[in-house]
2 protein chains.
Amino acid sequence: MSLCNSDVTVQDERARACTVSEVLGRVGSKWSIGILVEAANGPVRFTELERAVEGISRRMLTLTLRNLERDGLLTRTVYPTVPPKVEYTATEMARELYGTLVQLTSWAERHRTAIAHAQDVYDRANQ
Amino acid sequence: MSLCNSDVTVQDERARACTVSEVLGRVGSKWSIGILVEAANGPVRFTELERAVEGISRRMLTLTLRNLERDGLLTRTVYPTVPPKVEYTATEMARELYGTLVQLTSWAERHRTAIAHAQDVYDRANQ
DNA sequence: CGGTATCCAGTTCGATACTG
DNA sequence: CAGTATCGAACTGGATACCG
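First, a word on what this report is: a plain description of the structure on this page. (Residues numbered from 1 in each chain as written. Chains lettered and ligands numbered in written order. Predicted model: local features only at pLDDT ≥ 70, side-chain atom pairs only at ≥ 80, totals over all residues. Heavy atoms only, no water.)

**Some points on the pairing of strand E2 (residues 74–79) of chain B**
Along a regular strand, successive side chains alternate from one face of the sheet to the other.
Residue and element names in this part refer to chain B.
Next up, step 1: Bridge count for E2 against strand E3 (residues 85–90) is 6 bridges, and the pairing is antiparallel. In the sheet register, Leu74 faces E3, and the bridge partner there is Ala90.
Next up, step 2: A loop of 5 residues connects E2 with E3, the two strands running antiparallel in sequence. (Pairing = 2+ DSSP bridges. Helix = DSSP H or I, 4+ residues; strand = E, 2+ residues; numbered from the N terminus.)

Listed below in structure tokens is the structure:
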């Protein structure tokens, strides 16, 4: 199975979204998953995300949000109030992904310690 | 929902595998998914992977394989023949992940062009 | 065949400070 | 509240060459 389909006509826009590996590079990036899961259940605000996605810096949150918005996975809504209020909502496309992301995090959760242990073993074998 | 469970005792080994975001950082890295999908259906050899995972360099293939082996997702078997033969096999833990990874790649496949289009729109709006 | 070694450009990311 | 700006350290990843 090829992840980057080459059996497509040359004229399409494959050059822009070479695809699966590229797309997953964004969607699967360290912070994207957390943000997408968070945003899947209704709109979230910037500060909510900052608290919910533990360990993320303000800078990375901003950058990741911009990328997700650019990819059409989040919509950004600004309410011109004082103080300003900005909400991020998952698009339909992103919500389709939700179930898979939950499976992914659940898998990671279940095997967290097994992975940490495997690393210990490996590192001891290759001091 | 917190992706990085903080409601665990302080004494556990969370420090090592802070977890979901860390684990996903590896599993979801650009090349890991392709390699894992490839290895899920029986053993694969180094050169097979080099051909199957399009665009990967020899160096990155080696590095990614080492990481996956370290994480306990792949086992590496060396046959002391001439020329040497090395096989990589997905562990049970990795095979559990297979279905999810297929969903993920399938989603990426379906929305590839929509994402590319969203980027175009976004970029035009923010020249 | 299945790697390793080296170099180096580019990218990522945290820390910190500032703003409408 | 929701960002932006800037800097430097660290990591990533490609190219190339060599090896048992």
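Don't stop here, the text continues.
**What about the protein's contact with DNA strand D?**
Next up, step 1: Lining the immediate surroundings of DNA strand D are 18 residues, of which Thr47(A), Thr62(A), Arg76(A), Tyr88(A) and Arg59(B) lie closest.
Next up, step 2: Taken together, the sugar and phosphate atoms account for 53% of what DNA strand D places within 4 Å of the protein.
Next up, step 3: One of the side-chain N or O atoms of Arg45(A) is found 2.8 Å from a phosphate oxygen in DNA strand D.
Next up, step 4: One of the side-chain N or O atoms of Arg66(A) is found 3.1 Å from a phosphate oxygen in DNA strand D.
Next up, step 5: Put simply, the parts of the chain that give the surface near DNA strand D at least two residues each are helix H3 (46–52), helix H4 (58–70) and strand E3 (85–90) of chain A together with helix H4 (58–70) of chain B.
Next up, step 6: Per-element accounting of the surface near DNA strand D gives the leading share, 4 residues, to H4(A).
Next up, step 7: Within the surface near DNA strand D, the residues separate by chemical class into 8 nonpolar, 3 polar and 7 charged. (Near = heavy atom within 4 Å. Polar contact = N/O pair within 3.5 Å; in protein donor to acceptor, adjacent residues only side chain to side chain. Nonpolar A, V, L, I, M, F, W, Y, C, P; charged D, E, K, R; others polar.)

**Let's talk about the protein's contact with DNA strand C**
Next up, step 1: Not every one of the 18 residues close to DNA strand C is listed here, only the nearest: Arg59(A), Thr47(B), Thr62(B), Arg76(B) and Tyr88(B).
Next up, step 2: The contact in question runs from a phosphate oxygen of DNA strand C to an N or O atom on the backbone of Val86(B), over 3.3 Å.
Next up, step 3: In the environment of DNA strand C, a phosphate oxygen lies 2.7 Å from a nitrogen or oxygen atom belonging to the side chain of Tyr88(B).
Next up, step 4: Of all the secondary structure elements, the ones that give two or more residues to the surface near DNA strand C are H4 of chain A together with helix H3 (46–52), H4 and E3 of chain B.
Next up, step 5: At 4 residues, H4(B) tops the list of elements feeding residues into the surface near DNA strand C.
Next up, step 6: Here the residues of the surface near DNA strand C sort into 8 nonpolar, 3 polar and 7 charged.

**Things to note about the packing of helix H5 (residues 92–125) of chain A against helix H1 (residues 20–27) of chain B**
Next up, step 1: In contact at an axis separation of 9 Å, H5(A) and H1(B) are set at 85° when each is read in the N-to-C sense. Classed by the angle they form, the pair H5(A) and H1(B) counts as roughly perpendicular. Side by side, H5(A) and H1(B) meet where Leu104(A), Thr105(A), Trp107(A), Ala108(A), Glu109(A), Ile115(A) and Gln119(A) of the first sit next to Val20(B), Val23(B), Leu24(B), Arg26(B) and Val27(B) of the second.
Next up, step 2: Across the contact of H5(A) with H1(B), the residue classes break down as 8 nonpolar, 2 polar and 2 charged. (Axes fitted to C-alpha atoms, helices over the stretch in contact; angles between N-to-C directions. Parallel < 35°, antiparallel > 145°, perpendicular 65-115°, else oblique. Contact = heavy atoms within 4.5 Å.)

**Considering the sheet that holds strand E1 (residues 44–45) of chain B**
Next up, step 1: Spatial strand order, E1-E3-E2 (chain B): 3 strands in an open sheet with antiparallel pairing. Looking at which strands have only one partner, the edges of the open sheet turn out to be E1 and E2 of chain B.

**Considerations on the pairing of E3(A)**
Next up, step 1: Bridge analysis of strand E1 (residues 44–45) of chain A against E3(A) gives 2 bridges, and the strand direction is antiparallel. Along E3(A), the bridge assignment pairs Arg45(A) with Glu87(A).

**Observations regarding the side chain of Gln119(A)**
Next up, step 1: Within the element layout of this structure, Gln119(A) appears in helix H5.
Next up, step 2: In this structure the side chain of Gln119(A) is engaged in a polar contact, spanning 2.8 Å, whose partner is the side chain of Asp71(B).

**Observations regarding the environment of Thr77(B)**
Residues and elements named next belong to chain B.
Next up, step 1: Note on placement: Thr77 falls in strand E2.
Next up, step 2: Residue Thr77 is classed as partly exposed on the basis of its relative accessible area of 32%.
Next up, step 3: For the pair Thr77 and Ser29, spaced 48 residues apart in the sequence, the C-alpha separation amounts to 23 Å.
Next up, step 4: With residues up to four places along the chain from it excluded, the contact list for Thr77 reads Lys85, Val86 and Glu87. (Buried < 20%, exposed > 50% of the residue type's maximum accessible area, 1.4 Å probe, protein only.)

**Some points on the pattern of salt bridges**
Next up, step 1: Scanning the entire structure with this criterion turns up 13 salt bridges over all chains.
Next up, step 2: Taking the shortest distance from any N to any O, the salt bridge between Asp123(B) and Arg70(A) comes out at 2.5 Å. Linking Asp123(B) in helix H5 (residues 92–125) with Arg70(A) in helix H4, this pair reaches from one chain into another.
Next up, step 3: Take Asp123(B): its relative accessible area is 32%, and that puts it in the partly exposed class.
Next up, step 4: Note on Arg70(A): relative accessible area 21%, which makes it partly exposed. (Salt bridge = Lys/Arg side-chain N within 4 Å of Asp/Glu carboxyl O.)

**What to know about the packing of aromatic side chains**
Next up, step 1: Under the defined criterion, the tally for this structure stands at 0 aromatic pairs over all chains.
Next up, step 2: One cation-aromatic arrangement involves Lys85(A) over Tyr79(A); the distance from NZ or CZ to the ring centre is 5.3 Å. (Phe/Tyr/Trp six-rings, centres within 6.5 Å; stacked < 30°, edge-to-face > 60°. Lys NZ or Arg CZ within 6 Å of the ring centre and 35° of its normal.)

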